[in-house]
Amino acid sequence: MNKDFLALSDWNREDLERIFDLTRELKAKQKRGEEHHLLKGKTLGMLFEKSSTRTRVSFEVGMYQLGGHALFLSSGTTQMGRGEPIKDTGRVMSRYVDGIMIRTFSQEAVEELARCSDIPVINGLTDMYHPCQVMADLFTVIEHKGSFRDLSYCWIGDGNNMANSWINAAAVFGFELRIATPKGYEPHPTVVERAQKLGANILYTNDPLKAAKGAMVLNTDVWASMGQEQEQKEREKAFVGFQINNDIVAAADPQCVVMHCLPAHRGEEITDDVIEGPHSIVFDEAENRLHVQKAIMATLMA
């Protein structure tokens, strides 16, 4: 088992499924109001270079429910914001806290932090990957469909960190995945190449209806992620036709579920009636960030 949680491709299927098992156990205890202080006396340092709602709240509340404590550290109020090398930050924090969660731009920075830290490092999001979110997504599918196996998954939209993480998940778990992006907005080629070498069952297309046909799980994200706001108008033109709407849902399996990692730009990548409709499991998905991340922290830090 790895010391860190940086990308799903770093982990094997069996260890990730053990995280799902622990998630189920911890969520049940939380719903019953039972204490589950697996990290009593432990502290998580949370480094943020990107703004956040769900990541900050879910990790902070999760540490509290596990009996530990979380420290919120914004780059603007730490020495990282004044140019301290991340390797120095990692070495120092290793002597203060029991784990680090970082939400930042560069995957390389997260990997350097992990190399220079003696404690577990969790990737809360980078421009390359969002592994905690996809773990929460898959756990939500388990809750609604009984299993995430033998289902067809469809990603429609930008080939961003979420698309990259779904590709990693398909390579690790072996499920069928269809990725539909506009030309020029495909997932990272290194991620695609690695998945191909592992024999992943993935269809890449520029046709969202082709990707959605018969799919059991539909998923999307904003067209312009953090740091890409200046491209918003250009992307709105490029992504015409890549909206999850009633036509896309109708092309999917009649029992399909619709997911979005949030925040959503309603009326752009997904319509309001779909996100509020009977196929949507978006807010169960958001809640499960808390439960899955508790299981990840307990696995790494207990």
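Everything below is about the structure printed above this text.
Notes on the structure follow.

Rules of the game
- Residues numbered from 1 in each chain as written.
- Predicted model: local features only at pLDDT ≥ 70, side-chain atom pairs only at ≥ 80, totals over all residues.
- Heavy atoms only, no water.
- Phe/Tyr/Trp six-rings, centres within 6.5 Å; stacked < 30°, edge-to-face > 60°.
- Lys NZ or Arg CZ within 6 Å of the ring centre and 35° of its normal.
- Pairing = 2+ DSSP bridges.
- Helix = DSSP H or I, 4+ residues; strand = E, 2+ residues; numbered from the N terminus.
- Axes fitted to C-alpha atoms, helices over the stretch in contact; angles between N-to-C directions.
- Contact = heavy atoms within 4.5 Å.
- Core = buried A, V, L, I, M, F, W, Y, C linked by side-chain atoms within 4.5 Å.
- Buried < 20%, exposed > 50% of the residue type's maximum accessible area, 1.4 Å probe, protein only.
- Polar contact = N/O pair within 3.5 Å; in protein donor to acceptor, adjacent residues only side chain to side chain.
- Expected span 1.5 Å × (residues − 1).
- Salt bridge = Lys/Arg side-chain N within 4 Å of Asp/Glu carboxyl O.
- Right-handed = clockwise from strand over helix to strand, strands pointing away.

## With respect to the packing of aromatic side chains
One pass over the full model with this rule turns up 12 aromatic pairs. Among the aromatic residues, those joined into a ring-pair cluster are F20, F139, F148 and F173. Against the face of F72 rests R56, its NZ or CZ located 3.8 Å from the ring centre.

## So, the sheet that holds strand β2 (residues 69-74)
Spatial ordering of the open sheet is given by β2-β1-β3-β4, a layout of four strands whose pairing is parallel. A strand with exactly one partner marks an edge of an open sheet, and here the two such strands are β2 and β4 (121-125). Recorded for the sheet is a direction-independent mean angle of 20 degrees between the axes of neighbouring strands. Strand direction decides the pairing type here: strand β1 (residues 43-48) and strand β3 (residues 99-103), joined by five bridges, are parallel. Across the sheet, residue L47 finds its bridge partner in β3, namely I102. The strands touched by helix α4 (residues 107-116) within the sheet are β1, β3 and β4, with β4 carrying the most contacts at an inclination of about 165 degrees.

## Points about the nonpolar core
Formed by 62 residues in total, the largest nonpolar core has its most connected members in F5, L138, Y153 and F175. Here this core gets nine residues from one element, more than from any other, and that element is helix α6 (residues 161-173). Apart from the residues lying within four places of it in its own chain, the contact partners of F175 are L138, F148, L151, Y153, W166, A169, A170 and N201. Ranked by size, the runner-up nonpolar core spans 23 residues in total, among them L218, W223, C256 and A286.

## Details of the sheet that holds strand β8 (residues 217-220)
Strands in a sheet are paired, the pairing made by backbone hydrogen bonds, and the direction either parallel or antiparallel. Sheet architecture is open: five strands sit in the order β7-β6-β5-β8-β9, paired in parallel fashion. Looking along the sheet, the strands with just one partner apiece sit at the ends: β7 (202-205) and β9 (257-260). Here the average twist between neighbouring strands, direction ignored, is 20 degrees. One ladder, built from four bridges, connects strand β6 (residues 176-180) with β7; its direction is parallel. Following the sheet pairing, L177 is matched in β7 by I202. The sheet contacts of α6 involve β5 (152-156), β6, β7 and β8, and relative to β6 the element is tilted by about 160 degrees.

## Overview of the side chain of K27
Among the secondary structure elements, K27 is positioned in helix α1 (residues 13-32). On the basis of relative accessibility, which here comes to 13%, the residue K27 falls in the buried class. A distance of 2.9 Å separates a polar atom in the side chain of K27 from a polar atom in the side chain of N288. Aside from chain neighbours lying at most four places away, what touches K27 is F139, E143, E287, N288 and H291.

## A word on α6
With 13 residues, α6 should reach 18 Å at 1.5 Å per residue; the first-to-last C-alpha distance of 18 Å fits that figure. Extensive coverage of α6 is indicated by the burial of 13 of its 13 residues. Just downstream of α6, G174 is the residue with a positive phi angle, here 85 degrees.

## Things to note about α4
Along α4, the residues classified as buried are Q107, A109, V110, L113, A114 and C116. Looking at the buried side of α4, the elements it contacts are β1, α3 (86-94), β3 and β4.

## A word on the pattern of salt bridges
Overall, the coordinates contain 17 salt bridges when judged by the stated rule. Between R24 and D21 there is a salt bridge; the shortest N-O distance is 3.2 Å. Highlighted residues: R24 and D21, both in helix α1, separated by three residues, approximately one helical turn. Here D21 falls in the partly exposed class, since its relative accessible area comes to 44%. Residues D158 and R235 are paired through a salt bridge, measuring 3.2 Å at the closest nitrogen-oxygen approach. Of the two residues, D158 is situated in the loop between β5 and α6 and R235 in helix α9 (residues 232-238); the sequence distance between them amounts to 77 residues. Residue class for D158 comes out buried when judged on its relative accessible area of 4%.

## Here's the deal with the pairing of β6
Most of β6 sits inside the fold, with four of its five residues counted as buried. Across five bridges, the pairing between β5 and β6 is parallel. Within β6, the position partnered with W155 by the bridge is I179. What joins β5 to β6 is α6, and the crossover it makes is right-handed. In this region the chain leaves β6, passes through helix α7 (residues 189-197) and returns to the parallel neighbour β7; the handedness of that crossover is right-handed.

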